[in-house]
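Below are the chains, spelled out letter by letter.
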Amino acid sequence: MLPRFKVLLSAAVFSLSISGAALAADAPSYGPQLQGFDYPFPLKHFSFNSQGAPLQMGYLDVSPVGRKNGQTVVLMHGKNFCAATWGDTIKALAGSGYRVIAPDQVGFCSSTKPQHYQYSFQQLAINTHELLKSLKITKAVIVGHSTGGMLATRYSLMFAPEVSKLVMVNPIGLEDWKAKGVPYRTVDQWYTRELNTSADSIKQYELKTYYVNKWKPEYDRWVDMLAGLNNGPGQKLVAWNSALIYDMIFTQPVVYEFKNLRVPTTLMIGTADTTAIGSDIAPPAVKAKIGHYNVLGKQVVKMIPHAKLIVFKGLGHAPQMEEPEKFNASLLKTLSH
């Protein structure tokens, strides 16, 4: 017979293994194109060829509810977001007569994760432009959040005559992190980091950066969305594309070209946001001077000709998800002028 402490230890280990298995079973697992995750509106797919490969972009195309105003709004998601995370905003816009297009960019969410792809904001802008052409949309309001703000800037520079208004919601890229001293990570280093992503690490990051340490149960769905994609059968391909995308974000700043924008532009800024790519490996002196959105918003609005600044005091990186009613009312007011 085993000594009593060994019996207890064995029982404890068995109990832990059972609970660990239960947690693993409870963890979501979605396909490499987010198969299994429920989008708030019917998901469509745009098939096209790019860089020698057949690709798909998932997208939402939501018709106006009630009286149409004849305008289309294109919503561009951020790095850790998807078309689905615009759900509340889509509902508000469609309810006010707008047609809404919300694409998932290549490498993200419901879209193809290529084995090899030369990521650039120009390429993603062209992909989006091809999608809009296929839908016979020749003029649109462009709204970009986070990384989508960098893409929206590039899109508006490339296709200015087809952009009626530009709205950027807590866009990253309001500063050049590498120029400020943030160390470079190789794609391989990003890949290793992304492979280690977990539901807990996602939640802790979002809690601090997106929601200013105030968690609501409805945020769990967005943790599951990312964790399930990272936990699914396409894990390595998802992580590899994520690494390539981080390299694009870090090495292709748009801040130097804000002065060239020629479309009516509004910046919407949650002032408590501290997002800065690479801040986790930046020296303390560098980390201290990056990611200050309360300052960056005021600086950048002066760079963009005739731009307007709307401030959400005390909100974090995703005001459209943190306080959707407040955000949507402000967005609709902005678009109506």
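Worth saying up front: this structure is predicted, and the values here are computed from it rather than measured.

Describe the pattern of salt bridges, and please don't skip the residues or the numbers.
Tallied over the entire structure, the rule returns nine salt bridges. Measuring nitrogen to oxygen at the nearest pair gives 2.7 Å for the salt bridge that ties Arg154 to Glu257. In this pair, Arg154 sits in helix H4 (residues 147–158) while Glu257 sits in the loop between helix H8 (235–251) and strand E7 (265–270), placing the two residues 103 residues apart along the sequence. On the accessibility criterion, Arg154 (9% relative accessible area) is buried. Classification of Glu257 by relative accessible area gives partly exposed; the value is 26%.

Describe helix H2 (residues 87–95), listing the residues and the values that go with them.
Among the residues making up H2, those that are buried are Gly87, Thr89, Ile90, Ala92, Leu93 and Ala94. Packing partners of the buried residues in H2 comprise strand E2 (53–62), strand E3 (72–76), strand E4 (99–103), helix H11 (319–322) and helix H12 (324–336). Of the residues flanking the end of H2, it is Gly97, one or two places downstream, whose phi is positive at about 95°.

So, the state of the cysteines: which residues are in play, and what are the values?
Enumeration over the complete set of coordinates arrives at one disulfide. One disulfide in the model links Cys82 with Cys109; its S-S distance is 2.0 Å. The sign of the S-S torsion, about -90°, decides the handedness of the disulfide formed by Cys82 and Cys109: left-handed. Of the two residues, Cys82 is situated in the loop between E3 and H2 and Cys109 in the loop between E4 and helix H3 (121–134); the sequence distance between them amounts to 27 residues. Residue classification places Cys82 among the buried positions, given a relative accessible area of 1%.

Describe the UniProt feature "domain: AB hydrolase-1" (unreviewed entry) in the protein, with residues and values.
If you check UniProt for "domain: AB hydrolase-1" (unreviewed entry), the listed places come out as residues 73–329 in our numbering. Measuring from the first to the last C-alpha atom of residues 73–329 gives 15 Å, for a span that is 42% helix and 13% strand.

So, the packing of aromatic side chains: which residues are in play, and what are the values?
The tally for this structure, following the rule as stated, stands at 16 aromatic pairs. Ring centres 5.3 Å apart and planes at 85° place the aromatic pair Trp215 and Tyr219 in the edge-to-face group. We classify Tyr219 as buried; its relative accessible area is 1%. Members of the aromatic cluster, each reached through a chain of ring pairs, are Phe81, Tyr205, Tyr210, Tyr211, Trp215 and Tyr219. Above the face of the Trp190 ring, Arg185 is positioned so that its terminal group lies 4.4 Å from the ring centre.

Give a detailed account of the nonpolar core, specifying residues and quantitative values.
In summary, soluble globular proteins display a tendency toward joint burial of nonpolar side chains. Core analysis: the biggest nonpolar cluster contains 105 residues, and Leu34, Tyr39, Leu75, Ile142, Ile249 and Phe258 have the highest contact counts within it. The leading source of residues in this core is H8, at nine residues. With residues up to four places along the chain from it excluded, the contact list for Leu75 reads Trp86, Thr89, Ile90, Leu93, Val100, Ile101, Ala102, Pro103 and Val143.

Hey, could you go over the environment of Gln299 for me, with residue numbers and the actual values?
Relative to the assigned elements, Gln299 resides in helix H10 (residues 293–303). Taking the C-alpha atoms as reference, Gln299 lies 21 Å from Leu331; in sequence the two are 32 residues apart.

Can you tell me about the side chain of Ser146, naming the residues and giving the values?
Here Ser146 lies in the loop between strand E5 (140–145) and H4. A relative accessible area of 5% places Ser146 in the buried class. Engagement of the side chain of Ser146 in a polar contact is seen with the side chain of His317, the distance being 2.7 Å. Aside from chain neighbours lying at most four places away, what touches Ser146 is Gly78, Lys79, Val169, Asn170, Pro171, Ile172 and His317.

Scoring rules and cut-offs
Residues numbered from 1 in each chain as written. Predicted model: local features only at pLDDT ≥ 70, side-chain atom pairs only at ≥ 80, totals over all residues. Heavy atoms only, no water. Salt bridge = Lys/Arg side-chain N within 4 Å of Asp/Glu carboxyl O. Helix = DSSP H or I, 4+ residues; strand = E, 2+ residues; numbered from the N terminus. Buried < 20%, exposed > 50% of the residue type's maximum accessible area, 1.4 Å probe, protein only. Contact = heavy atoms within 4.5 Å. Disulfide = S-S within 2.5 Å. UniProt positions renumbered as here; feature names shortened; annotations may be inferred. Phe/Tyr/Trp six-rings, centres within 6.5 Å; stacked < 30°, edge-to-face > 60°. Lys NZ or Arg CZ within 6 Å of the ring centre and 35° of its normal. Core = buried A, V, L, I, M, F, W, Y, C linked by side-chain atoms within 4.5 Å. Polar contact = N/O pair within 3.5 Å; in protein donor to acceptor, adjacent residues only side chain to side chain.

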